[in-house]
Amino acid sequence: GESVGLHLPTLSVQEGDNSIINCAYSNSASDYFIWYKQESGKGPQFIIDIRSNMDKRQGQRVTVLLNKTVKHLSLQIAATQPGDSAVYFCAENIEEDTGRRALTFGSGTRLQVQP
Amino acid sequence: GAVVSQHPSWVICKSGTSVKIECRSLDFQATTMFWYRQFPKQSLMLMATSNEGSKATYEQGVEKDKFLINHASLTLSTLTVTSAHPEDSSFYICSARTGADGYTFGSGTRLTVV
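Description of the structure in this document.

Turning our eyes to something else, we now look at the state of the cysteines. According to the stated counting rule, one finds two disulfides over all chains in the structure shown. Each sulfur in the disulfide pair C23 of chain A and C90 of chain A lies 1.6 Å from the other. Taken together, the residues C23 of chain A in strand β3 (residues 19–24) and C90 of chain A in strand β9 (residues 86–95) connect sequence positions 67 residues apart. Each sulfur of the disulfide joining C23 of chain B and C94 of chain B lies 2.0 Å from the other. Residues C23 of chain B and C94 of chain B are joined by a disulfide whose S-S torsion is about 80°; by sign, that bridge is right-handed. With C23 of chain B in strand β3 (residues 19–25) and C94 of chain B in strand β9 (residues 90–97), this residue pair connects regions lying 71 residues apart in the sequence. Unpaired in this structure, C13 of chain B has its nearest cysteine sulfur neighbour in C94 of chain B, at a distance of 18 Å. C13 of chain B gets classed as buried once you look at its relative accessible area, which sits at 7%.

In structure tokens form, the structure reads like this:
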């Protein structure tokens, strides 16, 4: 099930099940989104990305869905494995009036895979 | 692929001293690099955008005199935490832009101020 911890919500799933991690983004002008996986003590690792002119993109065992109407992003992981246990962040990329582009990260979800 | 090397991976320093963290792009030139800070169980917060040959752009609430950023070459950006205090203890992560929308992250630096 899903629970809210002190700062990071946690999603616990059984090995082999599918996982769905959700993210609400803040800026309707964001045009590019990325999902990252972060293991303890390491930097973020790219998983999959999607542009705002798409609503779905598939990778190997992962699918990202984008709903611009409600500013919602989801990451689906098929056949979740113990090695998928990590914290997952969505990030949105926006170009400011100054022309500067930078990534802003969402709050993150900890995925725990039970063997 | 594009690789960003960040050093040191961890550092312990005494309160009041300064610490320098390096971020290098190994096989590409990075005109723009970014510095993030991450407290335990929290997300990455953008501190500043580092542009080669010009002053860094700091996010609101980040003290530019405390967190000095230098991006003097196309492959190196440094973050110096000056007069560090225990509340500066955090995980600092750099990233480099590799294209219009490509970003590669370093492995992070765990700073502990005692």
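Here the focus is a nonpolar patch on the surface. Together, W10, I12 and V114 of chain B make up a nonpolar patch on the protein surface, roughly 370 Å² of accessible area in all. Along the polypeptide, W10 of chain B turns up in strand β2 (residues 10–13).

Okay, the environment of L111 of chain B next. Residue and element names in this part refer to chain B. With respect to the secondary-structure elements, L111 resides in strand β11 (residues 109–113). Sequence spacing of L111 and Y92 is 19 residues, and the spatial spacing of their C-alpha atoms is 7.4 Å. If we ignore the near neighbours within four places in the chain, the residues touching L111 are V11, C13, V19, V81, D88, S89, S90 and Y92.

Each aromatic ring pair is described using two quantities: the centre-to-centre distance and the angle formed by the ring planes. What the rule picks out here adds up to 10 aromatic pairs over all chains. A ring pair is formed by Y36 of chain A and F46 of chain A, whose centres lie 6.5 Å apart and whose planes are at 85°; its orientation type is edge-to-face. Within this pair, whereas Y36 of chain A is found in strand β4 (residues 32–38), its partner F46 of chain A is found in strand β5 (residues 45–51), the two being separated by 10 residues in sequence. When the ring of Y36 of chain B is compared with that of F105 of chain B, the centres are 5.8 Å apart and the planes differ by 45°; the resulting orientation is tilted. Residue Y36 of chain B is located in strand β4 (residues 32–38), and its partner F105 of chain B is located in strand β10 (residues 103–105); the two are separated by 69 residues in the primary sequence. F105 of chain B shares its class with Y36 of chain B; the two are buried. An aromatic cluster is present here, built from Y36, F46, F89 and F105 of chain A together with Y36 and F105 of chain B joined pairwise through their rings. Stacked on the ring of Y32 of chain A, the Lys or Arg R51 of chain A has its end atom at 4.4 Å from the ring centre.

Here we come to the sheet that holds strand β7 (residues 62–67) of chain A. Residue and element names in this part refer to chain A. Ordered in space as β3-β8-β7-β6, the four strands form an open sheet in which the pairing is antiparallel. Edge positions in the sheet fall to β3 and β6 (56–58), since each has one partner strand and no second. Ignoring which end each strand starts from, the neighbouring axes of this sheet average 15° apart. With six bridges joining them, β7 and strand β8 (residues 72–77) adopt antiparallel strand pairing. Counted as the bridge partner of N67 is H72 from β8.

Criteria and cut-off values
Residues numbered from 1 in each chain as written. Chains lettered and ligands numbered in written order. Predicted model: local features only at pLDDT ≥ 70, side-chain atom pairs only at ≥ 80, totals over all residues. Heavy atoms only, no water. Disulfide = S-S within 2.5 Å. Helix = DSSP H or I, 4+ residues; strand = E, 2+ residues; numbered from the N terminus. Buried < 20%, exposed > 50% of the residue type's maximum accessible area, 1.4 Å probe, protein only. Patch = residues over 30% accessible without salt bridge, like charges linked within 9 Å, V, L, I, M, F, W, Y side chains within 5 Å. Areas by Shrake-Rupley, 256 points an atom, 1.4 Å probe, with all protein chains shown as cover. Salt bridge = Lys/Arg side-chain N within 4 Å of Asp/Glu carboxyl O. Contact = heavy atoms within 4.5 Å. Phe/Tyr/Trp six-rings, centres within 6.5 Å; stacked < 30°, edge-to-face > 60°. Lys NZ or Arg CZ within 6 Å of the ring centre and 35° of its normal. Pairing = 2+ DSSP bridges. Axes fitted to C-alpha atoms, helices over the stretch in contact; angles between N-to-C directions.

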